[in-house]
Amino acid sequence: MSDAATHSSPNTTRAVGVKVVGLRKSFNGQAVLKGIDLEVLPGEIFVIMGPSGSGKSVLLRHMIGLEEPDAGEILVDGQSIQSPELMDKYRLAMVFQSGALLNSLTVGENVGLYLTEHQLKPPQEIARIVTEKLELVGLKGTDDKFPSELSGGMKKRVAIARALVIDPQLILYDEPTSELDPLSAAVIAEEIASLKQRIAVTSVVVSHDREVAFGIADRIAVIHEGVIVAVGTPEEVRRNPDSIVQKFLNTNFNFHHRKT
Amino acid sequence: MFQNLGEMLLLFTRTLGSLPLLWRHRQKVFDQFFEIGNASLFMVCVLSFFIGGVIALLTGPVLVDHGVKDSIGGLVGIAICKELAPVMMSILIAGRIGSSMAAEIGSMRVYQEIDALRTMNINPIHYLVLPRLVSIAVGLPLLVIFSILVGWGGGALVADLNNKIGVDFRSFFANLRDTVRISDVANGLFKSFVFALVVGVVSCHQGLQTIGGPRGIGRSVTKAVVNCIVMIVILDYFLTRLLL
Ligand SMILES: Nc1ncnc2c1ncn2[C@@H]1O[C@H](COP(=O)(O)OP(=O)(O)O)[C@@H](O)[C@H]1O
Ligand SMILES: [Mg+2]
C-alpha cells in the first residue's frame, strides 16, 4: 500500500541509508561507544553482532535520534538525524528490545498508533491494516488484548507489526529474535528478509543469534566494547582472522567442560 | 526543586504552543477529564463538607460570645470560597491526580514507551502533556465550584444543628449572600486554575524526568506530590496578596 496521498514528495518510496561518522558516547564517564564509523547502504540488511554490553542498543538508539552523540554524527540519507524536520521527511521505525508497547493501549491500538496519531487513514482502513499486520507476525485475533496479557515474545512480534505499519524506509531492530522460540524466530527472520522484497526498506538488525544473522544479512558488522572490529559480507566476516571475531563466531556451548 | 523551574516553564510554554492541536487530541482530554472527576468527586464532597463544618464549629461560639453570631454565614462563605476550597482541593488533586500523572508518565519513560513514541514521530508533549494539562486546568476549577457549594452546606448544617451556635439555614445563607460577592468566588476559582497548572506541569515534568527503573517511578511520584504542595502553598500567599 502506498501513502501517496499523505506523503507526496518522491523520496518517500525509496529506502534510505544511514552513515555513522566518528560516533562517541559515554554515560557517567564510562565510554560506551569509542569512535564508530559505519555506512549502511540503502536497501540492504545490515546486521550488527556483538556480545551483551558491547553497545549495540546504544548505537541503534543513536541511529534514530534517541541519544545525542558526545562526538561524531549520524546521517540519514545524508542529513543529520538531529535536524528537526528529518523525522517528518522520512518514515523511520524501531523495534525495541523489550517491545516498548504502550501498556495503556490494546494490541490493536498499539499497532495502529502511527496511523491514528498522524491521521493518515480512516478508522476502518486502519483496522484492516492492523489485522493484516498482526496476522503477518502470527498474532491473529489478539487485537483487543492488552500488552500485559502477552508473553515477551508476543510483545516483540506486536512491536514488529507496529513498525511494519509505518511502511518504513529505514527500520532498526534491536534483537528481534531473542526471547522467541526457534520456530517464531525463523518466521520473524524470514519476515525481515522478505520485507526487502515487498517494500523499499533498509534494515539494521542487532542480533547475537549467529544463525539468524548469517541467514539474512547482506553485510555484517561485529562490535566489541564500543569498537567495530569487523565489517563485511557474511563470507568476509566468517573469514576475518581477528581473534575476537573468531571467538565470537565460533564459541559453542561445551557441557563437558566441568568433567575435565 | 528550583533549578527545575526553568525546565518546567519551558515545558509549560511548549504545551501552550501545542494548544492548536487540542481538537485532534480531544478524546484523550475527555478520558483524562473523566478520570479526574471519577477519582476525586466523592473525596471532594466529603472533604469539603467537613471543612465547612469545622470552620462553623470553631468560629460559631466565638461569634456568639461577641454577639455577632449572624455574621457566621459570611465568614464561612468567604473562608471557603477564597481560601479553603481552592487550596485544599488543589492539594487533594496533587495527591490524587498529580501522583498518577507522574507515575504514568514515569513508567512510560522507564519502559521506553516515550522513546517508542518519539521513533513514531509522535511528540510526547502533544500526546501526553497537553491532554493532561488541559483537563486538569478545566477540571480543578469545576471541582472547586462543587467544593464551595458543599462546604457552604456543611457550614450551614453545623451552624444550624450545633446548640452552641444555633443559626438557622435561612439566616446563614442570607448573611452569606450579603457578604460574599461574585468576585470572591471568581478569585478562588482563579487561584485554583493557577494551582491546576502547577500540579499539571510539575507532575508531568517530574514524570518525564524519571530515571532508573521502578524505584525511580516511586521517587518521581513522591517528588511530584511534595513539590506540588510546596509550590501551591507558597504561590497561595503571593496570589492572595496580588488579588487582595
Ligand atoms: N542510559 C544509560 N545510562 C548509563 N549507562 C548506559 C545507558 N545505556 C546503556 N548504558 C551502558 O552502555 C553499555 C552498553 O549497553 P547496550 O548498548 O545496551 O549493550 P548491548 O550491546 O547489550 O545492547 C552497558 O554497559 C550499559 O550499562
Ligand atoms: Mg541491547
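It should be emphasised that the depicted structure is a prediction, and the values quoted were computed from it without experimental measurement.

**A closer look at the state of the cysteines**
Residues and elements named next belong to chain B.
- Applying the stated criterion across every chain yields a total of zero disulfides over all chains.
- Cysteine Cys45 remains unbridged, with the sulfur of Cys81 as its closest cysteine sulfur at 18 Å.
- Given the relative accessible area of 24%, Cys45 is considered partly exposed.
- Left unpaired, Cys228 is separated from the closest cysteine sulfur, that of Cys204, by 9.6 Å.

**Digging into the coordination of the magnesium ion (ligand 2)**
Residues and elements named next belong to chain A.
- The magnesium ion (ligand 2) binds to the protein through Ser57 (OG) and Gln97 (OE1); the donor distances cover 2.0 to 2.6 Å. With Ser57 in helix α1 (residues 56–63) and Gln97 in the loop between β6 (92–95) and α3 (107–117), this pair connects stretches of sequence that are 40 residues apart.
- For Ser57, a relative accessible area of 24% puts it in the partly exposed group.

**A look at unusual backbone geometry**
- Within the chain, Glu175(A) stands out as a residue other than glycine whose phi angle is a positive 50°.
- Structurally, Glu175(A) can be placed in the loop between β7 (170–174) and α6 (182–198).

**A short note on the pattern of salt bridges**
- As enumerated under the stated definition, the model contains 20 salt bridges over all chains in all.
- Arg14(A) serves as the salt-bridge partner of Asp77(A), at 2.9 Å between the closest nitrogen and oxygen. In this pair, Asp77(A) sits in the loop between β4 (71–76) and β5 (79–80) while Arg14(A) sits in the segment before β1 (18–27), placing the two residues 63 residues apart along the sequence.
- Residue Asp77(A) is classed as partly exposed on the basis of its relative accessible area of 26%.
- With a shortest N-O distance of 2.8 Å, Arg61(A) and Asp115(B) are connected by a salt bridge. Remark: Asp115(B) occurs in helix α4 (residues 113–119) and Arg61(A) occurs in helix α1; the pair is interchain, linking two chains.
- Classification of Asp115(B) by relative accessible area gives buried; the value is 3%.
- Several salt bridges converge on common partners, so that one network encompasses Arg61(A), Glu67(A), Arg109(B) and Asp115(B).

Parameters at a glance
Residues numbered from 1 in each chain as written. Chains lettered and ligands numbered in written order. Predicted model: local features only at pLDDT ≥ 70, side-chain atom pairs only at ≥ 80, totals over all residues. Heavy atoms only, no water. Disulfide = S-S within 2.5 Å. Buried < 20%, exposed > 50% of the residue type's maximum accessible area, 1.4 Å probe, protein only. Donors = N, O, S within 2.8 Å, 3.2 Å for Na, K, Ca; no water. Helix = DSSP H or I, 4+ residues; strand = E, 2+ residues; numbered from the N terminus. Salt bridge = Lys/Arg side-chain N within 4 Å of Asp/Glu carboxyl O.

As far as function goes, none of this settles anything; it's purely spatial.
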